[in-house]
Amino acid sequence: MTQHELKIICEKNHFDRHSLMDILHEIHDHQGFTTEEDIRILSENLKISEIDLRQTISFYHFFACSSRGKYTIYLNNSAISNLKGREEIEKVFIEEGGCVKNGVSPDGLIGLYETPCIGMSDQEPAALINGRIFTNLTAFRAKELLHNMKKGLPLEDMYTTVYGDGRNAHPEMKSIVRNNIRRVGPLLRPSEKMQVLKNQVSQMSPEQVLEQVKLAELRGRGGAGFPTGLKWQFCRMAEGKKKYVFCNADEGEPGTFKDRVLLTEKPEDIIEGMIIAGYAIGAQEGVLYLRYEYKYMKNYLEYIIQTLREEGFLGKNPAGIKGFSFDMRIQLGAGSYVCGEESALIESTEGKRGEPRSRPPFPVEKGYLGYPTVVNNVETFCAAVKIVQFGGDWYNSLGTDESKGTKLVSVSGDCRYPGIYELEWGFTMRDVLEMVGAKETRAVQMGGPSGELVNKHQFDRILCYSDLATGGSIMIFDRRRNVIEDVVVNFMEFFINESCGSCVPCRNIPKLLKEKLDKILSGKGTSQDLADMERWGAMMKINRCGLGHTAAHPILSSLKNFRSHYERKLRKHTDFISDVDLLEASKEAAEYTNREPVI
Amino acid sequence: MNKPVVATASLAGCFGCHMSLLDIDERLVELIDLVEFNKSPIDDIKKFTKDVDIGLIEGGCCNTENVEVLKEFRKKCKTLISLGECAIMGGLPALRNDITVSECLAEAYLDGPTTVNEHRILPNDEELPIILNKVYPCHEVVKMDYFLPGCPPSADLIWEALVALITGEEKEIPYALIKYD
Ligand SMILES: Cc1cc2nc3c(=O)[nH]c(=O)nc-3n(C[C@H](O)[C@H](O)[C@H](O)COP(=O)(O)O)c2cc1C
Ligand code: SF4
């Protein structure tokens, strides 16, 4: 971009370094990557050092410092995508399209990159191409897409299915994504927009709202399960000239896609929930942090927000509530799982690398720009609306003794009916498997890679916070799948790629564990390797954030629940085999110095 | 009763860990009372003359000789200990692990800014060990029984660990001795 064009973008963003994400997005929308010259000019205008800009750009999957092709394909490499045939698609792109894995084709036309779960596990294999979603790919579709790209077609002309169901077909969205809603409950049932704000909240004090949420015993739906009422109360009590409400729509946990469906079908509820939270804690501003993979919804969501603003639900005195104002915006992410961690989400919104902060202080005390901030999951806000509407008592009566209400689960993998199910807490795993038409199930991953891999003797366990907790992801693997090769290895690679690198154990141990896995898979493992993995895995609890705390879970939980799968692969009667091949290790230097390698 | 026998070696290390061992100061006298040294730079015994109870290894394996020595130690020692960061993780020498060994050799002997090597000769005498493609931590080459962390591990840590091994009494190592930030 020219110096002038860049200056205009910076000016539009008030030369504010906190708007760096938006500025970079605008540059990427225009030319696909940031050039060295752009970095220099941005550095001058935003007063950020060049190295700082580079480290921020390189942190995010979807920012680049060199061209990634006129068409950029990000092919999902999740475990689910793999079992639905990703490899075949990739092969077509490489062999027939001249693509290079994680690079650009020599003619500069097509870039092919891997990316972790893009939230389409119910319609894999899927890819993002120039920000648009293409689902249910087959080898044939891949060939067609290549053909179209070579012809230079615009993306919207490459669809061969009608738009998805429900509001996927909205003129501001026009996506081919399907909702796959299989079971509805209070959250997913049709509702009238902003009714609760109009009818109930306007008659209640902030304290009364808070009281209902507490009464409901609602716990966060993003994974960690922190009591929402308590979080709101802390933020309400915190000192601050301003306060913020953040909606966490980063939905990065592989296998989860329930927020995608809520954002599509229930955006008004989400926004209503944010307004209600704002009212309860005394915040005037909201930010919805939308993962880049869901960029296809951005125009649509902005349209909804604008409409609500025009209808008087956002801005000064929403729904006529006196002495209260609330407005919001969308912050688009740029590809990073760890940005879903609430303090990393805030860092990212401030235009930085999404590295989790040390706590305390917690975001409710010092969050966005140092102001008290509540961060909640998309689904949590939707639940809050229903709680205010029907009362905390009503909500409290749903679910189990310690897990109240309903939970949206995203079911994917080997089953007949993948999709979204709204369930009261308390179903057993067996109920769920039956409901979704899963046969000959070998393993179920509950709660994404950071959760637990459950074996078939544990199917009577119950979905609730104290047993099988989940942020929403349920991935099913049947008898055809290998637990270690198809599941554990993929999850470990995910954590290795997604660690922000701040903490030494999180940066190193998953890598070492993965090397152990490779050793075991190559037939050189011994019982000592299993013992090492368990010991090293236990060290992960000293990391700073939840990613590090759970990054060894795929191994620890499969060692616990699928130990025989490991033991079968071990060498017997020895507790040590070296993986170092001396001949191989001494070959290069021997050749370089004209000598014989050592045998 | 015979005194326990100790052997030590420095592979791809800087002898810092050995210096730290000497740093136990007057306890050295006590140590000599407690143990007998065999192959070690400390007494300059070059070859094993008997089986050994405790082997202390400083440094990882960066060349074929290191591997040979380490394997010999494993054969001779009942208990083998990785002493310090380089033995445990490869340490500073392992910084080259992301660079090919040819590039390293070229930089060192051919193209370095301060190198004068008119005939572009690379060291290749048969006597010289061959450099490995990477620096390997000891436990990837042979089984190691214990690990004493630190760069170097403090004299106190080495002392405590040795005494525990010799006396056979498990010791709680104070946190301060293995805390490095
Ligand atoms: C690595 C990591 C990724 C996370 N990703 C998400 C996410 O995508 N969406 C989400 O709502 N919460 C995510 N969380 C949890 C958030 O930190 C935070 O607990 C949550 O947004 C709070 O909202 P809740 O209480 O409504 O669940 C993640 C946490 C970690 C450690
Ligand atoms: S635990 Fe991992 S992801 Fe979390 S802050 Fe530390 S290095 Fe980053």
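No experiment lies behind these values; they were computed from the predicted model shown.

Thresholds, definitions, all that
Residues numbered from 1 in each chain as written. Chains lettered and ligands numbered in written order. Predicted model: local features only at pLDDT ≥ 70, side-chain atom pairs only at ≥ 80, totals over all residues. Heavy atoms only, no water. Near = heavy atom within 4 Å. Nonpolar A, V, L, I, M, F, W, Y, C, P; charged D, E, K, R; others polar. Polar contact = N/O pair within 3.5 Å; in protein donor to acceptor, adjacent residues only side chain to side chain. Areas by Shrake-Rupley, 256 points an atom, 1.4 Å probe, with all protein chains shown as cover. Helix = DSSP H or I, 4+ residues; strand = E, 2+ residues; numbered from the N terminus. Axes fitted to C-alpha atoms, helices over the stretch in contact; angles between N-to-C directions. Parallel < 35°, antiparallel > 145°, perpendicular 65-115°, else oblique. Left-handed = near helix turned anticlockwise from the far one by under 90°. Contact = heavy atoms within 4.5 Å. Domains from an automatic or database assignment. Buried area = accessible area lost by both parts, 1.4 Å probe. Salt bridge = Lys/Arg side-chain N within 4 Å of Asp/Glu carboxyl O. Buried < 20%, exposed > 50% of the residue type's maximum accessible area, 1.4 Å probe, protein only.

This part covers the site of ligand 2. In the region of ligand 2, 13 residues are neighbours, and A:Cys500, A:Ser502, A:Cys503, A:Cys506 and A:Cys545 sit closest. For the shell around ligand 2, the per-class residue count stands at 7 nonpolar, 5 polar and 1 charged.

All right, on to the site of ligand 1 then. All names here are of chain A. Taken together, 19 residues surround ligand 1, and among them Gly-222, Asn-248, Asn-376, Asn-377 and Thr-380 come closest. Note that an oxygen atom of ligand 1 is positioned 3.1 Å from one of the backbone N or O atoms of Gly-252. Contacts to ligand 1 include Asn-377, whose side-chain N or O atom sits 2.7 Å from an oxygen atom. Burial of ligand 1 by the protein amounts to 90% of the accessible area it has alone, namely 610 Å². For the shell around ligand 1, the elements supplying multiple residues, two or more each, are β11 (373-377) and α21 (546-550). In terms of residues, the shell around ligand 1 owes the most to one element, β11, which gives 3 residues.

What follows deals with the packing of helix α1 (residues 3-12) of chain A against helix α3 (residues 36-46) of chain A. Residues and elements named next belong to chain A. At their nearest, the axes of α1 and α3 sit 10 Å apart, and the two run at 40° to each other. In terms of orientation, α1 and α3 fall into the oblique class. In the packing of α1 onto α3, the handedness of the crossing is right-handed. Contact residues: α1 offers Gln-3, Leu-6, Lys-7 and Cys-10, while α3 offers Asp-38, Ile-41, Leu-42, Glu-44, Asn-45 and Leu-46. For the contact of α1 with α3, the per-class residue count stands at 5 nonpolar, 2 polar and 3 charged.

Glancing now at the domain arrangement of chain A. Residue and element names in this part refer to chain A. Along its sequence, chain A is organised into domain 1 (3-59), domain 2 (71-162), domain 3 (191-396), domain 4 (407-481) and domain 5 (484-567). Taking the mean C-alpha position of each, domain 1 and domain 3 sit 28 Å from one another. Residue-level contacts link 10 residues of domain 1 with 21 residues of domain 3. Both sides together, the interface formed by domain 1 and domain 3 hides about 1,200 Å², and carbon and sulfur atoms give 55% of it. Of all residues in domain 1, His-18, Met-21 and Phe-59 give up the largest surface area on contact with domain 3, accounting jointly for 55% of the area buried on that side. If you look at where domain 1 meets domain 3, you find 1 salt bridge.

Residue and element names in this part refer to chain A. According to the stated counting rule, one finds 58 salt bridges over all chains in the structure shown. For Arg-86, the salt bridge is made with Glu-90, and the minimal N-O distance between the two is 2.8 Å. In this pair, Arg-86 and Glu-90 are both assigned in helix α6 (residues 86-95), 4 residues apart and thus about one turn of the helix distant. Judged by its relative accessible area of 10%, Glu-90 is buried. A single network of salt bridges, built from pairs that share partners, joins Arg-86, Glu-90, Lys-101 and Glu-114.

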